[in-house]
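Read off the chains here:
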Amino acid sequence: MPLILTCGYPCSGKSSVIEVLLAALQSRHPTHEFVVIPEPAMRTTTSATARDSRLEIYADSAKERELRGHHKSEVDRYPDDLITDMIARFEPPQSSQRWDSPLLTIRPDQWSCVDDIDISTILTEFENLLFDISRPTSVKPNRSTQLTPRVPTDFLQELERATQLIVDHILTSQSMGVQSVSLPPSIVASEKFMPDVANTQLSLVGREVQFSLANLARAKRRYITLQRAKLGDLTVSPNIVSLAAGFLRFLATSEGISDFPQTG
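Definitions and cut-offs
- Residues numbered from 1 in each chain as written.
- Predicted model: local features only at pLDDT ≥ 70, side-chain atom pairs only at ≥ 80, totals over all residues.
- Heavy atoms only, no water.
- Helix = DSSP H or I, 4+ residues; strand = E, 2+ residues; numbered from the N terminus.
- Buried < 20%, exposed > 50% of the residue type's maximum accessible area, 1.4 Å probe, protein only.
- Contact = heavy atoms within 4.5 Å.
- Areas by Shrake-Rupley, 256 points an atom, 1.4 Å probe, with all protein chains shown as cover.
- Core = buried A, V, L, I, M, F, W, Y, C linked by side-chain atoms within 4.5 Å.
- pLDDT = per-residue confidence, 0-100.
- Axes fitted to C-alpha atoms, helices over the stretch in contact; angles between N-to-C directions.
- Parallel < 35°, antiparallel > 145°, perpendicular 65-115°, else oblique.
- Left-handed = near helix turned anticlockwise from the far one by under 90°.
- Nonpolar A, V, L, I, M, F, W, Y, C, P; charged D, E, K, R; others polar.
- Phe/Tyr/Trp six-rings, centres within 6.5 Å; stacked < 30°, edge-to-face > 60°.

1. Let's talk about the overall build of the protein
Step number 1: The helix and strand tally for the protein stands at 11 helices and four strands.
Step number 2: Counting every position in the protein, which comprises 264 residues, the buried fraction comes to 24%.
Step number 3: Of all intrachain contacts in the protein linking residues separated by at least 6 positions in sequence, the fraction that spans at least 24 positions is 67%.
Step number 4: Accessible surface, the protein: about 18600 Å² in total, of which carbon and sulfur atoms supply 55%.

2. Focus: the nonpolar core
Step number 1: Residues I166, I170, L183, L202 and L251 are the most contacted members of the largest nonpolar core, which totals 26 residues.
Step number 2: The set of elements that each furnish at least two residues to this core consists of helix 6 (155-175), helix 7 (185-188), helix 9 (213-229) and helix 10 (240-252).
Step number 3: By size, the runner-up hydrophobic cluster in this structure holds 10 residues, among which are L21, L25, I122 and F126.

3. So, the confidence of the model for the protein
Step number 1: Per-residue confidence for the protein gives a mean pLDDT of 75; residues scoring 70 or more make up 72%.
Step number 2: Note on residues 41-50: pLDDT is under 50 here. Beyond four places in sequence and across chains, it has 12 contacts.
Step number 3: In the predicted structure, residues 259-264 sits below a pLDDT of 50 and forms 14 contacts with residues beyond four places in sequence or in another chain.

4. So, the packing of helix 6 against helix 10
Step number 1: As a packed pair, helix 6 and helix 10 sit with axes 10 Å apart at the nearest point and diverge in direction by 45 degrees. Considering the angle they form, helix 6 stands oblique to helix 10. Helix-helix and strand crossings are classified by hand; for helix 6 and helix 10 the assignment is right-handed. Touching F155, E158, L159, A162, T163, I166, V167 and I170 of helix 6 are I240, L243, A244, F247, L248 and L251, all from helix 10.
Step number 2: When grouped by side-chain class, the residues that make up the contact of helix 6 with helix 10 number 12 nonpolar, one polar and one charged.

5. Focus: the packing of aromatic side chains
Step number 1: In this structure the tally under the stated criterion is three aromatic pairs.
Step number 2: Centre to centre, the rings of Y9 and F90 are 5.4 Å apart; their planes meet at 75 degrees, and the pair counts as edge-to-face. Residue Y9 is found in the segment before helix 1 (14-28), and its partner F90 is found in the loop between helix 4 (80-89) and helix 5 (120-131); the two are separated by 81 residues along the sequence.
Step number 3: For Y9, a relative accessible area of 41% gives the class partly exposed.
Step number 4: A relative accessible area of 24% places F90 in the partly exposed class.
Step number 5: Between the aromatic rings of Y223 and F250, the centroid separation amounts to 5.5 Å while the plane-to-plane angle is 45 degrees, which identifies the pairing as tilted. One end of the pair, Y223, is in helix 9; the other, F250, is in helix 10, and 27 residues separate them in sequence. Comparing Y223 with F250, the two get one shared label, buried.
Step number 6: An aromatic cluster is present here, built from Y223, F247 and F250 joined pairwise through their rings.

Below, the structure written as structure tokens:
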């Protein structure tokens, strides 16, 4: 069901243009139903029933003219500086923005009076937008149309467990004089992984800062905090093995460990 929104400066002729457009569409497409939502919202509600007084007013042309005259007199009582301020604060739509497209521009100032309103130049564009079945209607997949991947409820606990296993693995290997470490076998065997992920290596020799329980614990907390902040931007479900390999790469960078105090 198409929805046409109109906007513009106050008292610029929006209602008059809509009346002409509605009449043209109804005459050219009698099998379609067009509904105009009136601007004034005069609704009276009682405890038992709710009645919209607009139904009675807009069903009677005399009452409708009286109502429009009333609104016009209300507008005429607005001070000029208020109208000027409203115009200054008006933000016109832009066709380059997704929610403002497609955008059709109507210039009521080109007509000297209501009787001169001519919408023939834009009527065809309206009909092409509303009734042209050859136009593609499907929305191209993008970030706003994609479902956010479901994160396991125990994701943070598993990440905590995996990073702690790596910390223990590094300290044990370092005490044994091992020059480099990869992912612990218990992590690699837990899930499916890519070979390049499992082969991630972290050098334990030739480092300016020696690994210790204290600085590894701080690095682990920092890494988990970073991963928690990224949960809202995920496009695929998180993989613990990949994140564990990422922790090794994180420790290999200056961001991961070099700013921690050195230990003797």
